[in-house]
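Residue-level listing of the chains:
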Amino acid sequence: MTTPWSLHAERALPADTTTRAIATEIYRSIADLPITSMHGHVDAGVFDRDEPFGDPAEVLVTPDHYLLRMLVSQGANLAELGVRTLDGSPYETDPRAIFRKFAAGWHLFRGTPTRYWMEHVLVEVFGVEKPLSADTADEVYDQIAALLASDAFRPLALLDRFNIQLIATTDGAADPLAHHASLRARGWGDRIVPTFRPDPFLALDGAHWRDHIDALSVASGIDVASYPAYLSALEQRRQAFVAMGGVATDHGTTILNTTPLADAEAARIFDAALAGTVSAAEAQAFGGHMLTEMARMSTEDGLVMQLHPGSLRNHDPAVQALHGPDVGYDIPFATEFTRALQPLLMRFGHHPRLRLILFTLDEDTYSRELAPLAGVYPAVRLGAPWWFLDAPDAMRRGREAVTETAGFYNTTGFVDDTRAFFSIPARHDLSRRVDSGYLARLVAEHRLELDEAIATAYDLTVTLPQSAYTRT
Amino acid sequence: MTTPWSLHAERALPADTTTRAIATEIYRSIADLPITSMHGHVDAGVFDRDEPFGDPAEVLVTPDHYLLRMLVSQGANLAELGVRTLDGSPYETDPRAIFRKFAAGWHLFRGTPTRYWMEHVLVEVFGVEKPLSADTADEVYDQIAALLASDAFRPLALLDRFNIQLIATTDGAADPLAHHASLRARGWGDRIVPTFRPDPFLALDGAHWRDHIDALSVASGIDVASYPAYLSALEQRRQAFVAMGGVATDHGTTILNTTPLADAEAARIFDAALAGTVSAAEAQAFGGHMLTEMARMSTEDGLVMQLHPGSLRNHDPAVQALHGPDVGYDIPFATEFTRALQPLLMRFGHHPRLRLILFTLDEDTYSRELAPLAGVYPAVRLGAPWWFLDAPDAMRRGREAVTETAGFYNTTGFVDDTRAFFSIPARHDLSRRVDSGYLARLVAEHRLELDEAIATAYDLTVTLPQSAYTRT
Amino acid sequence: MTTPWSLHAERALPADTTTRAIATEIYRSIADLPITSMHGHVDAGVFDRDEPFGDPAEVLVTPDHYLLRMLVSQGANLAELGVRTLDGSPYETDPRAIFRKFAAGWHLFRGTPTRYWMEHVLVEVFGVEKPLSADTADEVYDQIAALLASDAFRPLALLDRFNIQLIATTDGAADPLAHHASLRARGWGDRIVPTFRPDPFLALDGAHWRDHIDALSVASGIDVASYPAYLSALEQRRQAFVAMGGVATDHGTTILNTTPLADAEAARIFDAALAGTVSAAEAQAFGGHMLTEMARMSTEDGLVMQLHPGSLRNHDPAVQALHGPDVGYDIPFATEFTRALQPLLMRFGHHPRLRLILFTLDEDTYSRELAPLAGVYPAVRLGAPWWFLDAPDAMRRGREAVTETAGFYNTTGFVDDTRAFFSIPARHDLSRRVDSGYLARLVAEHRLELDEAIATAYDLTVTLPQSAYTRT
């Protein structure tokens, strides 16, 4: 390759020429529409401080667990990739050395979305002209580093450059939301909003649960010494998120049994947790109960409820002990929705103020459980293929498995879920291409008219994400 | 769109031009072959009375739970769609208003088989020339209503118009089959046959089990006061179905464990049920036992045994209480066949008179369990992708997952399963197109010769359904 | 068809012309590369004796359970297909009659890999020019029989003809490896190697476990009268395999829980087994424990560990009683890896000397569990789609489900697993075509450059199998 590195205009569209031509027409109609990014993992402080992002390794390598895990699977270790250690043992701190290691493993990413996204970031965002390799690593590094230092690449400026009209952060339930308040005061409140994430507050047998409850007391101003106080404190915090523009809650859980408990039983278990005597079974039952309570609160305050079960976090405890969570060792498992969600849906599945967005890492549930549930309960919407499934073939399979039962209008459109801020445009672009390809096949097979496909593509890109993530 | 609404001759065939051309040739060879419809849900009385079908809403909207559920998922309620209430609360009775609501939601069906089938019905059956929309709803309604009132659209006439050479109804085990007797007396006995469905008679802890047993006593003339009498009564009823031309039984169950009980234990549990003291676990064990008993009876009377587990019926009990069953609230769950069917297949899997047709709503079982079972046990045939899987992409996935292990000749060919009588030709046509597309790909990839593909398409359309549904 | 039977050069490549052209280019670059066949089921004695293979039925029909099961599913019985009976009842012994039965059922294999492989064998290996049918059966039989009798078709000569550079046999843990020693002495030791398969030695409640332990004592020269002696004897046998060039162990199990036991508990259970008092639960726990022990031994002797759970063997016990195992009655079931392998991977998942190759018959685990595990643990590699999944569409689905998470470089490339020696070239050829087709689609969709695709195809064919099956 001697011409400058460039991305093909029709990449990730179907290979067949008939379908490609239709897909291209559909894609062009949505390619430049603004981005709604409602499941982000960038810290609000990044936007509030609006300082330059840091070095290329810190921006592109270290926080991206997709990328880390692939290099680890082929023999690298996390410390030499610059992942901080918690026990004081050494780890690589030279960003250039880290970036070189990544570049040397570039071929490992063939066929993966990391490859696709990173190409987009390097070429489209940073204007890199030489394909990444061990040989070009330093040159590419320097080019990126120079841009990252420029004012044009500060966080708030990038919201414009990336055409992001609305971005959500994910925040602990006891977060004081000071950065959001500061952003709001400066006029960014309609563009950067918080998301209420209460997971560790609901897991009574979590290692640090008492610390979280103490923090909840402080944040809410309510002494969380009883189950009623606990509910009140959570409700208060949800209101605080609403006041800062929050539109949604976010629940990642391995518990998925939404059977409610009687108040007295819930209170008894909660007290046992405060006393340090709660059993694992009690904590499980309480966690399931609280999912339905969270749904109940959503019917009262209108926060959209996002639920994504099915991942066993920190599969190797030694890695967690050395490096902490979120470094690539979360592994999915089989998940059940039909019976698990029945108690919650019996209560609130038809409630006009509940919107419950479901995500899965278990593809088999698409046609078997999720599409049938979303295709009848008005409260339910299906989120986008997520995490390991946020990839071109997996996204296509998702549409193929879901649409025939749930249609398009019970889905949310694309929801990115990334710690890698610079990849947001790449991810949305890829999703638009995949949706265009799927719609184009329906047109090519005369199952849909072209004008309908274009209207549907617009809805998937704009209308559905916006309506899914509007407080009810 | 200003030209009359028309359906593309090559719709639902593969987009790729090479494969499309082959698929078209295969499809043309089977497009006009007669229909065998062996899993119907139209009441035999409809044919016996042979009166006009009713208004367009009653024919096309209200009985179609695929259609209802989509509109409900987007905020409609069943009462305003004309679904009768059981508590006396009001529901829409103006068919034109109901039809308008459906028409206004037409875009929701994009990408679904409902859209595909309904287009076929409107254009091919009723000759509608303007695409359905809120604007054209009344005009379309009038056109359909006029045709429905005509003699040419009476039920028996439609059997000819639709090219249906054989249709089965589904009938309770205690049904006196009076309509079938009447039809038979008038010479329709070779074309309209009953199917023996005993589910509520086998569920000892069902709410109305005693009523069913009473009805069974009446219908069979045998006082069902003991387990032996119960077996005799069921055998008697099966004979009555045989006498009316019946070829098959039909079993929808959440129980799927076919371990037989000792006679004494079965009798003990049956007596407990009569005494009102049966436990849920006993009822489960008995239900599984009776599946193997039903297989045993099939080896004696030759009735083909259809089994379709995997759906949790009436997921929202409040909806069932208000509107009854079959309005869209059945949700699939993960199903296991390998171990569950082992006891039954150990006994009868090689019996020359058992033909066991298996259906699933859990796609993962296709390649993992169903194709391996059908690919070795001579008694087993795989039914078509069913219910939520009766859709173009799901049917294609079904063939792809099954054929490499079970071939074509261990499948039944297409089996429709619809309450929407008018959609039968559309469903068979779609299935033929999908099979043609699948076969065409094998030809295009030089994995099959064209003449073999055409012969196989014929077998899938005629030979296999006919042989699968012939009493052994 | 009046021209001689021939196989299309572009068979099993994608139908779409754009992708086909790219796939053809990729395929040509790897079509003639030598074969590494590391999971074989041909007896080492076949090579050691190097006598002619036998008659066409014995070579092509009787040992091939894929083929037998299809004919059985359509009404044949195993005895008339020449499968030996264990109770003295008659079975067909005329090879020509057996071959005729197979030929008469040729159409049943449409769409199956058996059809694809057999065509390859008949046309490419035996030069058959008339398509197989009942009419041509005898003529084809004679042609094959004549070639099988020739020196050019003796086993060792065929290794050259088939371009097999390395083939592994599968051998019981107590096998004295005399054939391997003999082959080694004659200079074949680098080309034909044993594989250590200890399954029946690890199943304490297996019917013949004591016999196996006795054999283990004899083979190892260690009196296996205690748990420590048992471990020593297994370690000794593994060393014997290493000495004969062995590179891998092979574990087929329904137990998949790798929780280790304390030594004292393992010893207690082992003693109970020797005393004949072990319970099923104890045997299960011990079996799981031994998987982790086998991994531990691999970290010490460097043998690659292959694990393929998920098949319920001998589903119909009556067939097993009459004909023995491996005649087609093994049926897969749902399998769990995430939690089951966690104990093993916590201990050895990062060990530089463990290489654990995982196979599955449950496709749902590809994207949900296997790709995430292989995509982070350096010890784990994914084997090829296996058994019922060793077929063109299933292999394509495998790549699609795995690559986006695990990439190409955490897979082993193709691993055949056949008792049908003559089909080895066909299977490798088909796999190369499917991989070429998958890579071509990535190129056509501009997700990969052509030069990268060609390099990856080479790695999948040569580098990855060789490195996966090199002792660490």
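This text goes with the structure placed above it.
Model, not experiment: these values are computed from the prediction.

Draft legend 1. Broad picture of the interface of chain A and chain B. Each partner contributes residues to the interface: chain A has 44 residues there, and chain B has 49 residues. Here chain A packs against chain B, burying approximately 3,800 Å² in sum over the two surfaces, 50% of which is carbon and sulfur. Applying the counting rule to chain A against chain B returns 6 salt bridges. Between A:Glu400 and B:Arg396 there is a salt bridge; the shortest N-O distance is 3.7 Å. Taken together, chain A and chain B are joined by 25 residue pairs in polar contact (both at pLDDT 80 or more).

Draft legend 2. Inspection of the pairing of strand β6 (residues 248-251) of chain B at higher detail. All names here are of chain B. Across the two faces of β6 the burial is the same, with Ala248 and Asp250 and Thr249 and His251 all buried. The sheet contact formed by strand β5 (residues 195-197) and β6 spans 2 bridges and is parallel. Paired with Thr195 across the two strands is Ala248, which belongs to β6. In this sheet, strand β7 (residues 304-307) lies alongside β6 in parallel orientation, the contact comprising 4 bridges. Directly across from Thr249, in β7, lies its bridge partner Met305.

Draft legend 3. Here's a closer look at the sheet that holds strand β5 (residues 195-197) of chain C. All names here are of chain C. Within the open sheet, the 6 strands sit side by side as β3-β5-β6-β7-β10-β11. Their pairing is parallel. With partners counted over all chains shown, the strands left at the sheet margins are β3 (171-172) and β11 (380-382), one partner each. Bridge analysis of strand β10 (residues 356-358) against β11 gives 3 bridges, and the strand direction is parallel. Bridge assignment links Leu356 to a residue of β11, and that residue is Val380. Strands in contact with helix α17 (residues 364-374) are β10 and β11; relative to β11, the strand with the most contacts, it is inclined by about 130°.

Draft legend 4. Quick peek at the sheet that holds β7(B). All names here are of chain B. Spatial ordering of the open sheet is given by β3-β5-β6-β7-β10-β11, a layout of 6 strands whose pairing is parallel. The two strands at the open ends of the sheet, each matched to only one other strand, are β3 (171-172) and β11 (380-382). Strands in contact with helix α14 (residues 280-301) are β5, β6 and β7; relative to β7, the strand with the most contacts, it is inclined by about 155°. Against the sheet, helix α17 (residues 364-374) contacts β10 (356-358) and β11, and its axis sits at roughly 130° relative to β11.

Draft legend 5. Representation of the relation of the copies chain A and chain C within the structure. When chain A is brought onto chain C, the operation consists of a screw motion whose angular component is 120° and whose axial shift is 0.0 Å, with 0.0 Å RMSD remaining. In the structure described here, the two chain copies are related by an operation that fits a three-fold rotation axis. The rotation axis passes nearest to the C-alpha of A:Asp16 in chain A, at a distance of 3.4 Å. By residue overlap, the copies meet through two different surfaces: only 4% of the interface positions of chain A are interface positions in chain C.

Rules and cut-offs
- Once a new chain begins, its residue numbering starts again from 1 and follows that chain's sequence as written.
- A letter from A marks each chain and a number from 1 marks each ligand, given out in the order of writing.
- It should be noted that, the model being predicted, local features are given only for residues of pLDDT at least 70 and side-chain atom pairs only at 80 or more, the latter also being counted only at that level, while totals for whole chains, interfaces and linings use all residues.
- Only heavy atoms go into the side-chain values, all of them from the structure, while hydrogens and water stay out.
- Two residues form a contact once any of their heavy atoms are found within 4.5 Å.
- We define buried area as the total accessible area lost by two parts upon association, computed with a 1.4 Å probe and summed across both.
- Between Lys or Arg on one side and Asp or Glu on the other, a salt bridge is scored when a side-chain nitrogen of the former is within 4 Å of a carboxyl oxygen of the latter.
- N or O atoms within 3.5 Å of each other form a polar contact, as long as, within protein, one can give a hydrogen and the other can take it, and as long as residues adjacent in sequence are counted only when both atoms are side-chain atoms.
- Buried residues are those whose accessible area, probed at 1.4 Å on protein chains only, stays under 20% of the maximum for their type, while exposed residues exceed 50% and partly exposed ones sit between those limits.
- Secondary structure is summarised from DSSP: a helix means a run of H or I of at least four residues, a strand means a run of E of at least two, and numbering begins at the N terminus for each.
- Being paired, for any two strands, means DSSP has found at least two bridges between them.
- A fitted line through C-alpha atoms serves as each axis, taken over the contacting stretch for helices, and the angle formed by two N-to-C directions is quoted from 0 to 180°.
- A least-squares fit on C-alpha atoms brings the copies together, and the residues used are those whose pLDDT is at least 70 in both copies.

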